[in-house]
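# Close look at the chain arrangement
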Amino acid sequence: MTPPTYFAVEYAINPWMDVDRPVDARVAQAQWEALRQTYLRLGHRVDVVEPVPGLPDMVYAANGGFIARDIALVARFRFAERAGESAAYAEWMSSLGYRPVSTRHVNEGQGDLLMVGDTVLAGYGFRTDRRAHSEISAALGMPVVSLELVDPRFYHLDTALGVLDDHTIAIYPPAFGASARDQLRALFPDAIVVGSADAYVLGLNVVSDGLHVVLPSAATGFAAQLRAAGFEPVGVDLSELLKGGGSVKCCTLEVF
Ligand code: ARG
């Protein structure tokens, strides 16, 4: 996780961002700290990445890359505003002993790349370039399922799909193209389908350890669905970070 020390909405690269709407950096910091404490309370280890001045979106650590099976892929960002984050995340990966690998095409890390069991679900349409998917599959030696995103509000896969355990996902179907919806239905017939009210507070932007699902507290309908399915929802308020278009998962780069 990267603290929101320099968080601000200084440019708008997704429909959630409004440069005229003020952001309270102190509130953002307190909300972020509450998320970190939630992970610690659940028994997870949290590494903190050094924030860099001038990179206000660095708090969305999920986008920094993808780490699995001793391979650390570093992000290549779509927009110049975030390009400087790659070096910062590569440096952090190196400090952990990885040799970070880059892709030729745009990949926005775990924003668009989500691991379910032994498969990577990969979004394209707004940020990650579809051509990066095969690069990623080759680098990791894992199958990648390419899924088209069609609604700009759900510009990263992790805004429209949440991984709950090795074979369970939750989705907001209107965010996907028809063939992506078909593929998801075939692969995950029992997926939890969330409603618009939950999707529009980024309710699917979750981190799950297979039992506890840390999610935005405003997603109350989804929390009830999770409970009914045997998971334990843990709500956190990240309203200030929602102004940049991110929530729980965006603020968290998981290491598998
Ligand atoms: N402002 C950031 C952007 O538009 C938000 C990134 C959210 N991260 C995520 N994993 N969806 O790039």
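In case you missed it, the structure is sitting above this.
Below you will find a few notes about this structure. (Residues numbered from 1 in each chain as written. Predicted model: local features only at pLDDT ≥ 70, side-chain atom pairs only at ≥ 80, totals over all residues. Heavy atoms only, no water.)

### A short note on the site of the ligand
Neighbouring the ligand are 16 residues, the closest being Asn 14, Arg 82, Asp 158, Gly 244 and Cys 250. Between Asn 14 and the ligand, the recorded distance is 2.7 Å, taken from a side-chain N or O atom to an oxygen atom. Contact between the ligand and Gly 244: a nitrogen atom at 2.8 Å from a main-chain N or O atom of the residue. Taken by itself the ligand offers 350 Å² of open surface, and the protein chains cover 100% of this. (Near = heavy atom within 4 Å. Polar contact = N/O pair within 3.5 Å; in protein donor to acceptor, adjacent residues only side chain to side chain. Areas by Shrake-Rupley, 256 points an atom, 1.4 Å probe, with all protein chains shown as cover.)

### Topic: the sheet that holds strand E11 (residues 232–236)
A sheet is described by the order of its strands in space; here three strands give the open sequence E9-E10-E11, paired in mixed fashion. Where the open sheet ends on each side, the last strands, each with one partner, are strand E9 (207–208) and E11. Pairing geometry for E9 and strand E10 (residues 212–216), over two bridges, is antiparallel. Of the residues in E10, the one forming a bridge with Ser 208 is Val 213. (Pairing = 2+ DSSP bridges. Helix = DSSP H or I, 4+ residues; strand = E, 2+ residues; numbered from the N terminus.)

### Points about the pattern of salt bridges
Inspection of the entire model under this criterion finds nine salt bridges. Here Arg 82 ties to Glu 85 by a salt bridge, and the two come within 2.8 Å at their closest N and O atoms. For the pair formed by Arg 82 and Glu 85, the shared burial category is buried. (Salt bridge = Lys/Arg side-chain N within 4 Å of Asp/Glu carboxyl O. Buried < 20%, exposed > 50% of the residue type's maximum accessible area, 1.4 Å probe, protein only.)

### Describing the side chain of Glu 240
Here Glu 240 shows up in helix H8 (residues 239–242). A polar contact of 2.7 Å, which involves the side chain of Glu 240, links it to the side chain of Lys 243.

### As for the nonpolar core
In this structure, Leu 121, Leu 147, Leu 161, Leu 164, Ile 169, Phe 176 and Phe 222 are the most contacted members of the largest nonpolar core, which totals 34 residues. Elements that contribute at least two residues to this core include exactly strand E3 (113–116), strand E5 (144–148), strand E6 (161–165), strand E7 (168–171), helix H5 (178–187), E10 and helix H7 (220–228). Dropping the residues within four chain positions of it, Leu 121 is found in contact with Asp 112, Leu 113, Leu 114, Val 116, Val 145, Leu 147, Leu 157, Leu 161, Ile 169 and Phe 188. Counting residues in each nonpolar core, the second largest holds 22 residues, with Met 1, Val 214, Val 236 and Cys 250 among its members. (Core = buried A, V, L, I, M, F, W, Y, C linked by side-chain atoms within 4.5 Å. Contact = heavy atoms within 4.5 Å.)

Such coordinate-based values are descriptive only and should not be taken to indicate function.
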